[in-house]
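# Structural characterization, general
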Amino acid sequence: MFRLQDSKVLAVDMTGDAVKAKNGSMVAYDGQMTFKKLTGGGDGIRGMVTRRLTGERMAVMEVKGHGTCWFADRAAEINLVRLQGEKLYVESSNLLATDAGLRTGTTFTGLRGASQGNGLFTTTVEGHGQAAIMSDGRAVVLRVSAQYPLTVDPGAYVAHQGNLRQTLQSGVTFRTFIGEGGGEAFQIRFEGDGLVYVQPSERDTIAGDL
């Protein structure tokens, strides 16, 4: 069971089951635990090869045992997402942990990877269970509907789920007007029905300053 010890520490209670987590993110545990590094970060050889080709490399470990294990990474805020058969799209650097039963992989987006220079792919998490995603500052969850599409700064994007379509559009921003833009600015437009997770800070992207 996933639960937040506080907003920056994830506690996972285990009774013989397992969890997959970012390598090196364990900060403490009680009881009996075993740790095994999983090469590649995807499911099976195909996932490993795909990640090497796309640049979506993830160092992942499997933790299994009885007791409680605590995870954290650079004091990032942690957000819990419960999946009930649907698929979560998330930047690989923002994924902290998943139930072992959830399937992870990569998918072609033609957009997300371009914003970070990681190829044209993003990480996917699918199935029934919980995932913990990280954000630089407390994440904001925004609803997208047919009546209300959403435009997002690629540097603030964390994850999304639901029946959403993405398009890349160029944009002019305040910083562009005052001469602080570092190049052509791009934005991500989401249309459809679903949720988008954004963080209140911007990572550097090759899409330009927004």
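Analysis parameters
Residues numbered from 1 in each chain as written. Predicted model: local features only at pLDDT ≥ 70, side-chain atom pairs only at ≥ 80, totals over all residues. Heavy atoms only, no water. Helix = DSSP H or I, 4+ residues; strand = E, 2+ residues; numbered from the N terminus. Contact = heavy atoms within 4.5 Å. Areas by Shrake-Rupley, 256 points an atom, 1.4 Å probe, with all protein chains shown as cover. pLDDT = per-residue confidence, 0-100. 1 Å grid on protein atoms, 1.4 Å probe; cavity = no way out; pocket = protein on both sides within 12 Å on 5 of 7 lines; lining within 4 Å. Points joined across faces, edges and corners; volume = space filled by probe spheres on them. Nonpolar A, V, L, I, M, F, W, Y, C, P; charged D, E, K, R; others polar. Phe/Tyr/Trp six-rings, centres within 6.5 Å; stacked < 30°, edge-to-face > 60°. Buried < 20%, exposed > 50% of the residue type's maximum accessible area, 1.4 Å probe, protein only.

### Notes on the overall build of the chain
Broken down by element type, the chain carries three helices and twelve strands. Long-range contacts, defined as pairs at least 24 residues apart, comprise 79% of the intrachain contacts of the chain with a sequence gap of at least 6. Summed over all atoms, the accessible surface of the chain reaches about 10300 Å², with 50% contributed by carbon and sulfur.

### Things to note about the confidence of the model for the chain
Low pLDDT means the predicted coordinates in that region are not meant to be read closely. Across the chain, the average pLDDT comes to 81, with 73% of residues at 70 or higher. Counted against residues more than four places away or in other chains, residues 111–119, with its pLDDT under 50, gives 32 contacts. A low-confidence stretch, residues 205–210 stays under pLDDT 50, and its non-local contacts, those more than four residues away or across chains, total 26 contacts.

### Thoughts on the layout of surface pockets
It is a probe the size of a water molecule, rolled over the atoms, that shows where empty space is left. Roughly 220 Å³ of volume is contained in the largest pocket. Around the largest pocket, the lining comprises 13 residues; the ones closest to its centre are Arg74, Asn94, Ser135, Asp136 and Gln199. Looking at the lining of the largest pocket residue by residue, the class counts come to three nonpolar, five polar and five charged.

### A few points about the packing of aromatic side chains
Counted by the stated rule, this structure contains two aromatic pairs. When the centroid spacing of 6.0 Å and the interplanar angle of 15° are considered together, the rings of tyrosine 157 and phenylalanine 190 count as stacked. One end of the pair, tyrosine 157, is in strand E11 (residues 157–170); the other, phenylalanine 190, is in strand E12 (residues 186–198), with 33 residues separating them in the sequence. Just as tyrosine 157 is buried, phenylalanine 190 falls in that class too.

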